[in-house]
Amino acid sequence: MSSPALTERRSRLRQYQVQLLERMQAAKSGATESWRELGVLIGGRLCLLDLTQISEIVPLQTATPVPLTQDWYLGLVNIRGHLTGVIDLARYQQRSAGDSAPAERRLITFAPGLGFNCALLVERVLGLRKLAEMEVVEGDEFRDGEGQQWLRIDLAQLVQEPRFLQVGLV
């Protein structure tokens, strides 16, 4: 049996997930321009992902390793009946993994329009961010009103990088 506190926490989590999903769908349909970015923590770094480039946020699953692949390619998971490759972007970027608890880690799947069936491992989902309210620091780096620096990751550009496409060891 679950305690009332645990039941309440699960209810709040479900409510948050529903709100996040609604905002993601609104962003994909173009209904709102103010909530276009999902804040995540990758390799201890604050990152922004364009909501139109992601499909869903799923709980962390253990990936089945694939032999003779790069160390940043964690393997395959089954997400809704589809085999999906899991990428540790922190390793790919040659950054050390963060120290988040496994319960906070999530997989962010790529939008089908990108034509690349994979998911990114993120240490933590930080919620929606308004890019319009941030100042450009340099290139894809932004600073929010609290002085925190964010890196915007363009998944469409990432899937075109030859190194990213070469998961097998050469």
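On a predicted model such as this, the values are computed, not experimentally measured, just so you know. (Residues numbered from 1 in each chain as written. Predicted model: local features only at pLDDT ≥ 70, side-chain atom pairs only at ≥ 80, totals over all residues. Heavy atoms only, no water.)

> What is the right way to read the side chain of Asp-144 from this model?
Secondary-structure assignment places Asp-144 in the loop between β10 (141-143) and β11 (149-153). For Asp-144, the side chain forms a polar contact with the main-chain nitrogen of Glu-146, separated by 2.9 Å. Of the polar contacts made by the side chain of Asp-144, one reaches the side chain of Trp-150; its length is 2.9 Å. Among all residues touching Asp-144, those that are not within four sequence positions of it are Met-134 and Trp-150. (Helix = DSSP H or I, 4+ residues; strand = E, 2+ residues; numbered from the N terminus. Polar contact = N/O pair within 3.5 Å; in protein donor to acceptor, adjacent residues only side chain to side chain. Contact = heavy atoms within 4.5 Å.)

> Looking at this structure, I do not really get the environment of Trp-72. What am I missing?
By the secondary structure assignment, Trp-72 is in the loop between β3 (54-59) and β4 (73-79). Relative accessible area serves as the criterion here: at 3%, Trp-72 is assigned to the buried category. Residues Trp-72 and Phe-164 lie 92 residues apart in sequence; the distance between their C-alpha atoms is 9.6 Å. Look past the residues within four positions of Trp-72 in its chain and what remains in contact with it is Val-86, Ile-87, Asp-88, Arg-91, Tyr-92, Arg-163, Phe-164, Gln-166 and Val-167. (Buried < 20%, exposed > 50% of the residue type's maximum accessible area, 1.4 Å probe, protein only.)

> What am I meant to see in the sheet that holds strand β7 (residues 118-122) here?
Sheet strands pair by backbone hydrogen bonding; their relative direction is either parallel or antiparallel. Overall, mixed pairing links the five strands, which are arranged β3-β6-β7-β5-β4 in an open sheet. The open sheet has two edge strands, β3 and β4, and neither has a second partner. Across this sheet, the average inter-strand angle for adjacent strands is 30°, counted without regard to direction. For β4 and strand β5 (residues 82-87), the ladder comprises six bridges, and the chain directions are antiparallel. By the bridge assignment, Val-77 is partnered in β5 with Thr-84. (Pairing = 2+ DSSP bridges. Axes fitted to C-alpha atoms, helices over the stretch in contact; angles between N-to-C directions.)

> Whenever I open this one, the sheet that holds β11 confuses me. Can you help?
With mixed pairing, six strands are arranged side by side in an open sheet as β8-β1-β2-β11-β10-β9. The open sheet has two free edges, formed respectively by β8 (124-129) and β9 (135-138), since each of these has just one partner strand. Neighbouring strand axes in the sheet, compared pairwise and without regard to direction, differ in orientation by 35° on average. With three bridges connecting them, strand β2 (residues 45-50) and β11 associate as parallel partners. The residue of β11 that forms the bridge with Cys-47 is Leu-151.

> Just checking my understanding: could you explain the environment of Gln-94 for this structure?
Along the chain, the position of Gln-94 falls in the loop between α2 (89-92) and β6 (106-110). By relative accessible area, Gln-94 is classed as exposed at 69%. Residues Gln-94 and Trp-72 lie 22 residues apart in sequence; the distance between their C-alpha atoms is 9.0 Å.

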